[in-house]
Amino acid sequence: MASAHGLANLFKSTLREIEYDEQISDRDLNNLASHPKAAALLEWLCGNITSDNTLATEELKRFNILKERQQVLEGASLREALSQAEHTNPGQDLTDDELRHSVASLSEQVLVLGGANQRLQAQHAVLSEQSRLSSKRLEQMQQLEDKITADGTGQVHAVKQLNKQFNMQLEQLMQTSAAAVAATTGQHGSPRGDPSASQWTGVSLRP
């Protein structure tokens with residue numbers, strides 16, 4: 001195991017390589033490397049962490065942005081990409097450059113599909129809004145139709161009531177007229193102007 005001072009310098013160099021932003025003083029690093037258990041951890045970190053297998057802070061930010069946009073091949077998408085890359089040259093081992101080219105090509109396809117997906121989502125949002133407005137308009141039309149029907153029903157009901165009142169008044173008028181005629185007939189024996197009235201009794205006409 002290296003000396004505490006040498007291990008502190010090695011760890012500081014490792015932090016610089018992976019673009020670690022926080023500043024740590026030499027004193028703190030020396031104190032950390034002077035503890036046996038901490039020194040073992042520092043030695044392992046220095047031997048295993050490099051810029052090839054670690055993302056810097058800015059790289060991590062860019063990676064997270066790509067991941068949010070679903071532009072990172074991982075899991076099933078990565079396995080499918082590797083499978084397609086292997087089928088491009090069956091029976092041959094792909095070089096790193098060929099594999100990198102295949103992955104880049106598939107990444108471009110993912111970008112295209114991602115853009116198409118965003119456009120479809122935008123169209124879906126527009127159609128959903130149009131559907132909502134159409135449903136609202138239909139509901140308003142239904143309410144208007146119900147109001148017109150209700151108003152028409154009320155008017156029909158009012159006309160029926162007036163007709164009923166008119167019929168009742170007409171019936172009462174007819175009953176009143178019939179009673180008046182009956183009363184007149186009972187007093188004079190026949191209606192006025194009737195040729196058979198009593199004023200013609202006893203009068204004979206010669207030929």
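Quick notes on the rules
Residues numbered from 1 in each chain as written. Predicted model: local features only at pLDDT ≥ 70, side-chain atom pairs only at ≥ 80, totals over all residues. Heavy atoms only, no water. Core = buried A, V, L, I, M, F, W, Y, C linked by side-chain atoms within 4.5 Å. Buried < 20%, exposed > 50% of the residue type's maximum accessible area, 1.4 Å probe, protein only. Contact = heavy atoms within 4.5 Å. Helix = DSSP H or I, 4+ residues; strand = E, 2+ residues; numbered from the N terminus. Polar contact = N/O pair within 3.5 Å; in protein donor to acceptor, adjacent residues only side chain to side chain. Axes fitted to C-alpha atoms, helices over the stretch in contact; angles between N-to-C directions. Parallel < 35°, antiparallel > 145°, perpendicular 65-115°, else oblique. Left-handed = near helix turned anticlockwise from the far one by under 90°.

Colleague: What's the story with the nonpolar core in this structure? I'm lost.
Modeller: One broad rule of soluble globular proteins: the nonpolar side chains tend to lie buried together. Core analysis: the biggest nonpolar cluster contains 11 residues, these being Leu7, Ala8, Phe11, Leu15, Ile18, Leu29, Ala33, Ala39, Leu42, Leu45 and Cys46. If we skip the residues at most four places from it in the chain, Ala33 touches Ala4, Leu7, Ala8, Ala39 and Leu42.

Colleague: Sorry, what's going on with the environment of Glu129 here?
Modeller: As for its position among the elements, Glu129 is in helix 6 (residues 96–188). Taking relative accessible area as the criterion, Glu129 reaches 36% and is therefore assigned partly exposed. There is a polar contact of 2.6 Å between the side chain of Glu129 and the side chain of Arg132.

Colleague: What's the story with the packing of helix 1 (residues 4–17) against helix 3 (residues 36–48) in this structure? I'm lost.
Modeller: Packed helix pairs are characterised by how far apart their axes lie and by the angle those axes make with each other. Direction vectors running N to C along helix 1 and helix 3 enclose 40°, while the axes themselves pass 9 Å from each other. Between helix 1 and helix 3, the angle falls in the class oblique. When the axes of helix 1 and helix 3 are compared, the crossing they make is left-handed. Counted together, Leu7, Leu10, Phe11 and Thr14 of helix 1 and Ala39, Leu42, Glu43, Leu45 and Cys46 of helix 3 form the full contact between these two elements.

Colleague: What exactly am I supposed to notice about the side chain of Thr14 here?
Modeller: Turning to its location among the elements, Thr14 is positioned in helix 1. Setting aside residues up to four positions removed in sequence, Thr14 forms contacts with Leu45, Cys46 and Ile49.

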